[in-house]
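Spelled out, the chains give:
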Amino acid sequence: MSAVRPLPGHPHIARHDGLLKVEGVSLDALAREHGTPLFVYSKQWMLDALAAYQRGFAGRNALVCYAMKANSSLGVLRVFAEAGCGFDIVSGGELARVLAIGAEPAKIIFSGVGKTRAEMGQALAAGIGCFNVESEAELEVLNEVALAAGQRARISIRINPNVDPKTHPYISTGLKGNKFGVAHDRAVAAYQHAARLPGLEVVGIDCHIGSQITDAGPYLDAMEKILDLVEAIEATGIRLHHIDFGGGLGIDYNGDTPPAADALWKQLLARIDARGFGDRQLMIEPGRSMVGNAGVCVTEVLYTKPGEDKNFCIIDAAMNDLPRPAMYQAFQAIVPVSERAGAASTYDVVGPICESGDWIGRDRALAVQSGDLLAVLSAGAYCMSMASNYNTRGRAAEVLVSGGGAKLIRRRETMGDQLASERF
Ligand SMILES: *Cc1c(COP(=O)(O)O)cnc(C)c1O
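Residues numbered from 1 in each chain as written. Predicted model: local features only at pLDDT ≥ 70, side-chain atom pairs only at ≥ 80, totals over all residues. Heavy atoms only, no water.

## Description of the domain arrangement of the protein
What the domain assignment lists for the protein is domain 1 (4-42 + 292-419) and domain 2 (111-286). Placing a centre on the C-alpha atoms of domain 1 and another on those of domain 2 gives a separation of 35 Å. Tallying the contact residues gives eleven residues for domain 1 and seven residues for domain 2. Of the roughly 800 Å² buried between domain 1 and domain 2, counting both surfaces, carbon and sulfur atoms make up 54%. Among the residues domain 1 hides against domain 2, the three largest losses belong to Asn293, Tyr328 and Phe331. Together they make up 49% of the total. Where domain 1 touches domain 2, the interface holds zero salt bridges. On the surface where domain 1 and domain 2 come into contact, there are two residue pairs in polar contact (both at pLDDT 80 or more). In terms of residue class, the side of domain 1 that touches domain 2 is made up of four nonpolar, six polar and one charged. (Domains from an automatic or database assignment. Contact = heavy atoms within 4.5 Å. Buried area = accessible area lost by both parts, 1.4 Å probe. Salt bridge = Lys/Arg side-chain N within 4 Å of Asp/Glu carboxyl O. Polar contact = N/O pair within 3.5 Å; in protein donor to acceptor, adjacent residues only side chain to side chain. Nonpolar A, V, L, I, M, F, W, Y, C, P; charged D, E, K, R; others polar.)

## Remarks on unusual backbone geometry
The omega angle of the peptide bond from Thr36 to Pro37 is -5°, so this bond is cis rather than trans. Notably, Asn162 is not glycine yet its phi reads approximately 55°, a positive angle. Structurally, Asn162 can be placed in the loop between strand S10 (153-160) and strand S11 (182-183). Classification of Asn162 by relative accessible area gives partly exposed; the value is 29%. The backbone of Gln329 sits at a positive phi, close to 50°, despite the residue not being glycine. (Helix = DSSP H or I, 4+ residues; strand = E, 2+ residues; numbered from the N terminus. Buried < 20%, exposed > 50% of the residue type's maximum accessible area, 1.4 Å probe, protein only.)

## As for the sheet that holds strand S2 (residues 10-16)
Sheet strands pair via backbone hydrogen bonds, and the direction of the pair is either parallel or antiparallel. Here we have four strands laid out as an open sheet, ordered S1-S2-S3-S4, and antiparallel in their pairing. Strands at the two margins of the open sheet, each flanked by one partner only, are strand S1 (4-7) and strand S4 (25-26). Bridge count for strand S3 (residues 19-22) against S4 is two bridges, and the pairing is antiparallel. Bridge pairing in S4 places Lys21 opposite Ser26. (Pairing = 2+ DSSP bridges.)

## Looking at the site of the ligand
By nearness alone, 14 residues border the ligand, and Lys69, Ser211, Glu285, Arg288 and Tyr382 come closest of all. Between the ligand and Ser211, the relevant distance is 2.3 Å, taken from an oxygen atom to a side-chain nitrogen or oxygen of the residue. For the ligand, whose free accessible area comes to 390 Å², the fraction covered by protein is 94%. Here the ligand occupies the largest pocket. Looking at the shell around the ligand residue by residue, the class counts come to three nonpolar, six polar and five charged. (Near = heavy atom within 4 Å. Areas by Shrake-Rupley, 256 points an atom, 1.4 Å probe, with all protein chains shown as cover. 1 Å grid on protein atoms, 1.4 Å probe; cavity = no way out; pocket = protein on both sides within 12 Å on 5 of 7 lines; lining within 4 Å. Sits in = over half its atoms within 2 Å of the grid points.)

## Examining the nonpolar core
Grouped together as the largest cluster of nonpolar side chains are 100 residues, with contacts concentrated most on Tyr66, Phe131, Ile155, Ile205, Phe245 and Trp265. Here the element with the most residues in this core is helix H8 (residues 216-234); it accounts for nine residues. Here this core spans two domains, and each of domain 1 (4-42 + 292-419) and domain 2 (111-286) adds at least three residues to it. Discounting chain neighbours no more than four positions away, the residues touching Trp265 are Tyr53, Gly56, Phe57, Met223, Phe245, Ile272 and Ile284. If you look at the next biggest cluster of nonpolar residues, it comprises 21 residues, including Leu30, Val337, Leu377 and Val399. (Core = buried A, V, L, I, M, F, W, Y, C linked by side-chain atoms within 4.5 Å.)

## Overview of the pairing of strand S6 (residues 62-67)
Most of S6 sits out of view: five of its six residues are buried. Bridge analysis of S6 against strand S14 (residues 281-284) gives three bridges, and the strand direction is parallel. Across the sheet, the residue bridging to Ala62 is Leu282, located in S14. As paired strands, S6 and strand S7 (residues 86-89) are joined by three bridges and run parallel to one another. Each residue of the ladder has a partner; that of Tyr66, found in S7, is Phe87.

## Observations concerning the layout of surface pockets
Counted as a void, the largest pocket has a volume near 610 Å³. Lining the largest pocket are 28 residues; nearest its centre among them are Lys69, Thr173, Phe180, His208 and Tyr382. Taken together, the residues of the lining of the largest pocket break down into ten nonpolar, eleven polar and seven charged. For the second largest pocket, the calculated volume is near 380 Å³. Taken together, 18 residues form the lining of the second largest pocket, with Trp45, Ala49, Gly250, Ile251 and Ser289 sitting closest to its centre. Considering each element in turn, the lining of the second largest pocket owes the most residues, five residues, to helix H2 (residues 43-56). Classifying every residue of the lining of the second largest pocket by side-chain character gives eleven nonpolar, five polar and two charged. Each of domain 1 (4-42 + 292-419) and domain 2 (111-286) contributes no fewer than three residues to the lining of the second largest pocket. (Points joined across faces, edges and corners; volume = space filled by probe spheres on them.)

Pasting the structure below:
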């Protein structure tokens, strides 16, 4: 009898006789085939994450627009497109990616504080569903670009509801001091102005208060403020067909307990219904909660190095592959791919990059030797999409696992790829 033990909080990852597998596929075998560092994603985890939102919206007119900046790899986008998702994009580059996999333009919404005229033109030509406008100045520019193209741009205005999502300051976006959206008290005037611009068609309202939110409270507060505004805006004769409530729902990195997507939406829909807006189309822009715990990064231990104050475990993945610890002091669990007998030591797990900020985990108890494989968990979101070539490191390969099979969705970047665009 073989012993199968799912990892707590990671239902699609389990130890089979001590060996770590994702959806039944051995990480050790994948690392031998494709090398390390290697990102491995569970398709089932992504579909389950989407299903939780869909359960929450059962019987409603709702559209889940995956915020693709969390993980914009084509193989991941295709999973969501095939499952019926729309996409939230933040650049012309993301638009090109999502069109490349055949996404429906009408289900694409375009967020971001600094859209260029060229990006606006590109999105109008593609026929996207909605621009989420983030400032009064952007309204003017979009109006001009749309008129020049002989089109009307469908818009919603992103409102900054001034609520504290109680997350890391770099991923709080709905507070007064943030660069995002239009201030709550400017909103009605901004909508009245937009409604008068001939190149624009007002269709909705949106907000996005932050990321890795683990408490329903800030969402409920933001929803009340948005619904107050829907009332005030509609009192001026402007009809809002959709309410886009953004993304931001957190995942379990280290025993975090965010509300389940369906339970959260049960509460939010009760508020929406109570205030008489249950007939509006609902849109959301989840990113992290759609992919975060679908992914792991498999990495090899290069050296262990005892130090005066600390022991270091030096791995072949680094801050260019896994930027979240360096950027946000984020925690990601690190576990051995194959359990090794013997006493654990406490290590700082670090990459090879020439920066003291290049750490992946601090004070981790591990029984490891050089040549061992480790899996950095919760690596589906904001890892590969933020990866860089710092230290002239090629970006990692990516594998999508489904139903016991594995598909390489991105080959490892070569030196040729890196040098191709340069001249001297
Ligand atoms: C980043 C972002 C999202 C997704 O946030 P998550 O925390 O990954 O769910 C959604 N909407 C906008 C406008 C964003 O900038």
